[in-house]
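Letter by letter, the chains look like this.
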Amino acid sequence: MQSFIQALASIELGEDAARLFHGRGGHYVGSEHLCLDWFAPVLLLTSFTPLEEADLSVCHQAIAARWQALHPSTPLNLVYQYRSAGETFCQLLAGEVPEPHVVSENGARFQVHLMRGQNHGLFLDMANGRQWVRENARHKKVLNLFAYTCGFSVAALQGGADEVVNMDMSKGALAIGKQNHLLNGFSAGARFLGHDIFKSWGKLKKLGPYGIIVADPPSNQKGSFVATKDYVRLIRRLPELLADNGEVLLCLNAPELDTHFLRQQVEEAAPALEYIERLANPAAFIDVSEEKSLKVLRYRLKG
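Note that the coordinates shown come from a computational prediction; the quantities given were computed from them, not determined experimentally.

**Description of the packing of aromatic side chains**
Moving on, step 1. Per the stated rule, a full pass over the model turns up 10 aromatic pairs.
Moving on, step 2. With 6.1 Å between their ring centres and 75 degrees between their planes, Phe 198 and Trp 201 make a pair best called edge-to-face. By the burial criterion, Phe 198 is buried, and Trp 201 matches it.
Moving on, step 3. Aromatic side chains Phe 225 and Tyr 231 sit 5.4 Å apart centroid to centroid with 85 degrees between the ring planes, which places their arrangement in the edge-to-face category.
Moving on, step 4. The exposure class of Phe 225 is buried, given its relative accessible area of 1%.
Moving on, step 5. According to the relative accessible area criterion, Tyr 231 is buried, its value standing at 0%.
Moving on, step 6. Taken together, Phe 146, Phe 198, Trp 201, Phe 225 and Tyr 231 form an aromatic cluster joined through their ring pairs.
Moving on, step 7. Stacked on the ring of Phe 198, the Lys or Arg Arg 233 has its end atom at 4.0 Å from the ring centre.
Moving on, step 8. Seen from the ring of Tyr 275, Arg 263 lies directly overhead, with NZ or CZ sitting 3.6 Å from the centre.

In structure tokens:
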């Protein structure tokens with residue numbers, strides 16, 4: 001806990017949503033269970049183990065002290081979330097959460113929901129992936145698989161994509177994705193398909209081919225996707241969806257599965273895909289073991 005309090009002294013708050021403290025990366029002994037995020041104008045404290053009332057009070061006081069130093073004339077807005085093994089508990093500790101709550105990232109705007117469930121509408125560790133798509137989507141058709149709230153789609157259209165096809169089983173997430181497009185001035189250029197990807201290959205192929213495919217599935221979500229058995233089924237079908245020299249971002253956020261797992265699956269199931277690089281994660285998400293952190297692997301269809 002002391003390492004968290006010490007680190008608070010050096011945090012700064014910018015305009016964009018960002019991870020401020022990443023205990024999960026293992027660099028802060030005794031605070032591996034804590035993370036602090038900035039979803040302006042709200043701070044989000046997350047613990048991956050239950051916090052005793054006294055410990056939560058210490059964290060609250062330390063955050064409040066740093067906030068007072070940075071913004072002495074503005075009230076603190078602070079949300080606490082405990083999450084572990086599918087269990088989630090959210091509590092407003094100070095101030096309020098705006099509704100709707102809209103945050104920014106690299107010139108894009110996204111709607112987030114800090115008091116609703118584990119996921120907030122924007123995965124901060126994927127910022128570099130969205131930026132890569134923004135920089136490479138010009139004049140391309142993009143397929144966004146497991147689209148969630150369509151952050152990749154917004155980034156692609158900002159980068160000049162001709163069209164984006166978003167697919168996700170969650171129609172609720174896609175509805176927020178549609179709002180995100182409108183927030184960024186995109187009333188056209190994207191499709192939103194609330195379907196099971198594994199039952200939709202024919203439709204996806206008909207709408208293709210695609211210059212970029214992004215696959216960012218959940219790592220272990222029963223009834224939707226379990227990486228250890230389902231990723232290979234996905235990878236096997238990707239080459240037939242790609243345009244000549246088309247590229248793929250394969251994403252995996254499972255600490256127990258390393259890059260070798262994903263690369264081996266591609267080698268065996270889709271040898272037509274050539275490995276290019278692993279995208280770096282944002283600096284705030286530095287991890288003592290990069291293999292446990294988010295993995296975003298870039299591939300290209302061989303000519």
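Next, the rest of the story.
**Details of the layout of surface pockets**
Moving on, step 1. Considering only enclosed or pocket space, the second largest pocket measures out at about 200 Å³ in volume.
Moving on, step 2. Lining the second largest pocket are 16 residues, with Ala 17, Ala 18, Arg 19, Ala 127 and Pro 282 positioned closest to its centre.
Moving on, step 3. Broken down by secondary-structure element, the contributors of at least two residues to the lining of the second largest pocket are β1 (18-22) and α3 (127-136).
Moving on, step 4. By residue number, the principal contributor to the lining of the second largest pocket is β1, which donates 3 residues.
Moving on, step 5. Here the lining of the second largest pocket is composed, by residue class, of 9 nonpolar, 3 polar and 4 charged.

**Here's the deal with the packing of α3 against helix α4 (residues 151-158)**
Moving on, step 1. Here α3 crosses α4 at 30 degrees, and the two axes come no closer than 7 Å. Considered as vectors, α3 and α4 are oriented roughly parallel to each other. Like other packed secondary-structure pairs, α3 and α4 cross with a definite hand, here right-handed. Contact residues: α3 offers Gly 129, Arg 130, Val 133 and Arg 134, while α4 offers Gly 151, Phe 152, Ala 155, Ala 156 and Gln 158.

**Concerning the sheet that holds strand β2 (residues 34-39)**
Moving on, step 1. Here 5 strands make up an open sheet; going across it, the order is β1-β2-β3-β4-β5 and the pairing mixed. Two strands lie at the open edges of the sheet, namely β1 and β5 (87-94), each paired on one side alone. When the angles between neighbouring strand axes are averaged without regard to direction, this sheet yields 20 degrees.
Moving on, step 2. Where strand β3 (residues 42-47) and strand β4 (residues 78-84) come together, 5 bridges link them in parallel fashion. From the neighbouring strand, Leu 44 faces β4, where its bridge partner is Val 79.
Moving on, step 3. Running at roughly 150 degrees to β3, helix α2 (residues 53-70) makes contact with β2, β3, β4 and β5 of the sheet.

**Focus: the sheet that holds strand β15 (residues 273-278)**
Moving on, step 1. The strand order across the open sheet formed by 7 strands is β10-β9-β8-β11-β14-β16-β15, and the pairing between neighbours is mixed. Edge positions in the open sheet fall to β10 (190-193) and β15, since each of these has one partner strand only. On average, adjacent strands in this sheet sit at an angle of 15 degrees to one another, irrespective of strand direction.
Moving on, step 2. Bridging between strand β8 (residues 141-145) and strand β11 (residues 210-215) involves 4 bridges; their strand directions are parallel. Each residue of the ladder has a partner; that of Leu 143, found in β11, is Ile 213.

**Considerations on the pattern of salt bridges**
Moving on, step 1. Summed over the entire model, instances satisfying the criterion amount to 12 salt bridges.
Moving on, step 2. One continuous salt-bridge network, built from bridges that share partners, spans Glu 247, Glu 277, Arg 298 and Arg 300.

**Focus: helix α8 (residues 259-269)**
What sets the pattern is the α-helix's 3.6 residues per turn: residues three or four places apart point alike.
Moving on, step 1. Considered for burial, the residues of α8 that qualify are Thr 259, Phe 261, Leu 262, Gln 265, Val 266 and Ala 269. Looking down the long axis of α8, one finds its buried residues gathered within 165 degrees of arc, a one-sided arrangement. Seen from the open side of α8, the exposed residues pointing more than 90 degrees away from its buried face are Glu 267 and Glu 268.
Moving on, step 2. Looking at the buried residues of α8, the elements they touch are α7 (227-237), β14 (242-252), β15 and β16 (295-301).
Moving on, step 3. A distance of 3.2 Å separates the backbone nitrogen of His 260 from a side-chain oxygen at the start of α8, and that oxygen is part of Asp 258.

Conventions we followed
- Residues numbered from 1 in each chain as written.
- Predicted model: local features only at pLDDT ≥ 70, side-chain atom pairs only at ≥ 80, totals over all residues.
- Heavy atoms only, no water.
- Phe/Tyr/Trp six-rings, centres within 6.5 Å; stacked < 30°, edge-to-face > 60°.
- Buried < 20%, exposed > 50% of the residue type's maximum accessible area, 1.4 Å probe, protein only.
- Lys NZ or Arg CZ within 6 Å of the ring centre and 35° of its normal.
- 1 Å grid on protein atoms, 1.4 Å probe; cavity = no way out; pocket = protein on both sides within 12 Å on 5 of 7 lines; lining within 4 Å.
- Points joined across faces, edges and corners; volume = space filled by probe spheres on them.
- Helix = DSSP H or I, 4+ residues; strand = E, 2+ residues; numbered from the N terminus.
- Nonpolar A, V, L, I, M, F, W, Y, C, P; charged D, E, K, R; others polar.
- Axes fitted to C-alpha atoms, helices over the stretch in contact; angles between N-to-C directions.
- Parallel < 35°, antiparallel > 145°, perpendicular 65-115°, else oblique.
- Left-handed = near helix turned anticlockwise from the far one by under 90°.
- Contact = heavy atoms within 4.5 Å.
- Pairing = 2+ DSSP bridges.
- Salt bridge = Lys/Arg side-chain N within 4 Å of Asp/Glu carboxyl O.
- Arc of directions from axis to C-beta.
- Polar contact = N/O pair within 3.5 Å; in protein donor to acceptor, adjacent residues only side chain to side chain.

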